[in-house]
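Single-letter residue listing:
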Amino acid sequence: MGTTERYARHIALKEIGEEGQKKINHAQVLVIGAGGLGSPVLLYLAAAGVGTIGIMDDDCVSESNLQRQILYDTQCLGEPKAAAAARKLSALNPGCTLHPMPFRLTRENAQETIAQYDIVVDATDNLETRYLINDACVACGKPFVYGSICEFTGQVSVFNYQGGATYRDLYPYHEGIHDFSQPLGVIGALPGVVGSIQAAETLKIILGSPDTLSGRLLLIDLLKGTFRTLQIPTLER
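Residues numbered from 1 in each chain as written. Predicted model: local features only at pLDDT ≥ 70, side-chain atom pairs only at ≥ 80, totals over all residues. Heavy atoms only, no water.

You'll find the protein entered in an unreviewed UniProt entry as Molybdopterin-synthase adenylyltransferase, with Candidatus Odoribacter faecigallinarum given as the organism. Among the UniProt annotations of the protein, the heading Function (unreviewed entry) holds the following wording: "Catalyzes the adenylation by ATP of the carboxyl group of the C-terminal glycine of sulfur carrier protein MoaD." Among the UniProt annotations of the protein, the heading Catalytic activity (unreviewed entry) holds the following wording: "[molybdopterin-synthase sulfur-carrier protein]-C-terminal Gly-Gly + ATP + H(+) = [molybdopterin-synthase sulfur-carrier protein]-C-terminal Gly-Gly-AMP + diphosphate". (UniProt positions renumbered as here; feature names shortened; annotations may be inferred.)

Next comes the structure, spelled out in structure tokens:
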């Protein structure tokens, strides 16, 4: 897929090389959410040459999205995000196979959909879907790359990878969070930072790197300009 010239800067890295790029070209990644986080994730995965990319989002592009969802432009207003994303990514890298899915992840379709991919990227903005992703990935034996944003702060981790921690290890479910709603405000650059790190973690999983964020939580604060990492305890299973 693609040319040596397109991926020359990857191939020049001893951690990737030609064999690593072949792994990327054959990988299948499902990105759930094509908004603020999904935009940089999708752009960098397509640019990297990920062979098959699933794009799941049931929303349409609105004007308020354009402050941070860099995959879209004014001409995309009103268009389903999954379709607009596929069109933009195809123009970026025609060698990628793109599967737009203009619907939500549900209990009925989660396992069947996730089972078709090697890795899942959580680019969502609600807890219900996040627990659903976690549980389906555990059931299917798939790793997932987690990212979340709130105002000026973000988090990134890798869950269910090589026996590592799951999302429920980090955040056990309790009724007190049932009605949680995401704050509306976010600085536009934050999802670019978090989503780019998610894309990097996804590529590292594809390459079999031992140095992922599995078992660790990266905390980002753009207001303070800080990055720190915490260990995640693993619950008894």
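Ordered in space as β3-β2-β1-β4-β5-β6-β7-β8, the 8 strands form an open sheet in which the pairing is mixed. Every other strand in the sheet has two partners, leaving β3 (97-101) and β8 (226-231) as the edge strands with one partner each. Recorded for the sheet is a direction-independent mean angle of 15° between the axes of neighbouring strands. Two strands pair when backbone bridges link them, and strand β6 (residues 153-159) and strand β7 (residues 216-221) are joined in this way by 4 bridges, in the antiparallel orientation. Bridged to Gly154 within β7 is Ile220. Strands in contact with helix α4 (residues 81-92) are β2 (52-56) and β3; relative to β3, the strand with the most contacts, it is inclined by about 165°. (Pairing = 2+ DSSP bridges. Helix = DSSP H or I, 4+ residues; strand = E, 2+ residues; numbered from the N terminus. Axes fitted to C-alpha atoms, helices over the stretch in contact; angles between N-to-C directions. Contact = heavy atoms within 4.5 Å.)

With that out of the way, let us pick up the packing of aromatic side chains. Geometrically, a pair of aromatic rings is defined through the distance of the ring centres and the angle of the planes. Tallied over the full model, the rule gives 6 aromatic pairs. Their ring planes at 45° and their centres at 5.5 Å tell us that Tyr146 and Phe159 sit as a pair that is tilted. With Tyr146 in strand β5 (residues 144-150) and Phe159 in strand β6, this pair connects stretches of sequence that are 13 residues apart. Summarising the burial analysis for this pair, Tyr146 and Phe159 share the class buried. Aromatic rings pair up to connect Tyr131, Phe144, Tyr146, Phe159, Tyr167 and Tyr171 into one cluster. (Phe/Tyr/Trp six-rings, centres within 6.5 Å; stacked < 30°, edge-to-face > 60°. Buried < 20%, exposed > 50% of the residue type's maximum accessible area, 1.4 Å probe, protein only.)

Now for the packing of helix α3 (residues 38-48) against α4. Direction vectors running N to C along α3 and α4 enclose 35°, while the axes themselves pass 9 Å from each other. Judged by the twist between their axes, the crossing of α3 over α4 is right-handed. Where α3 abuts α4, its residues Leu42, Leu43, Ala46 and Ala47 lie against Ala85, Leu89 and Leu92. When its residues are assigned to classes, the contact of α3 with α4 shows 7 nonpolar, no polar and no charged. (Left-handed = near helix turned anticlockwise from the far one by under 90°. Nonpolar A, V, L, I, M, F, W, Y, C, P; charged D, E, K, R; others polar.)

A general trend in soluble globular proteins is that nonpolar side chains are found buried together. Grouped together as the largest cluster of nonpolar side chains are 44 residues, with contacts concentrated most on Val31, Leu42, Leu45, Val50, Ile53 and Ile55. When residues in this core are grouped by element, the largest group, 6 residues, is from helix α8 (residues 190-207). Residues contacting Ile53, with those up to four places away along its chain left out, are Val29, Val31, Leu42, Leu45, Ala46, Thr97, Leu98, His99 and Tyr117. (Core = buried A, V, L, I, M, F, W, Y, C linked by side-chain atoms within 4.5 Å.)

It is worth spelling out the side chain of Ser157 at this point. Tracing the backbone through its elements, the reader meets Ser157 in strand β6. Judged by relative accessible area, Ser157 falls into the buried class, the value being 0%. Here the side chain of Ser157 touches Leu213 through a polar contact of 3.4 Å, landing on its backbone oxygen. Of the polar contacts made by the side chain of Ser157, one reaches the backbone oxygen of Arg216; its length is 2.6 Å. Discounting residues that sit within four places of it in the chain, Ser157 has contacts with Phe144, Val145, Tyr146, Leu213, Arg216, Leu217 and Ile232. (Polar contact = N/O pair within 3.5 Å; in protein donor to acceptor, adjacent residues only side chain to side chain.)

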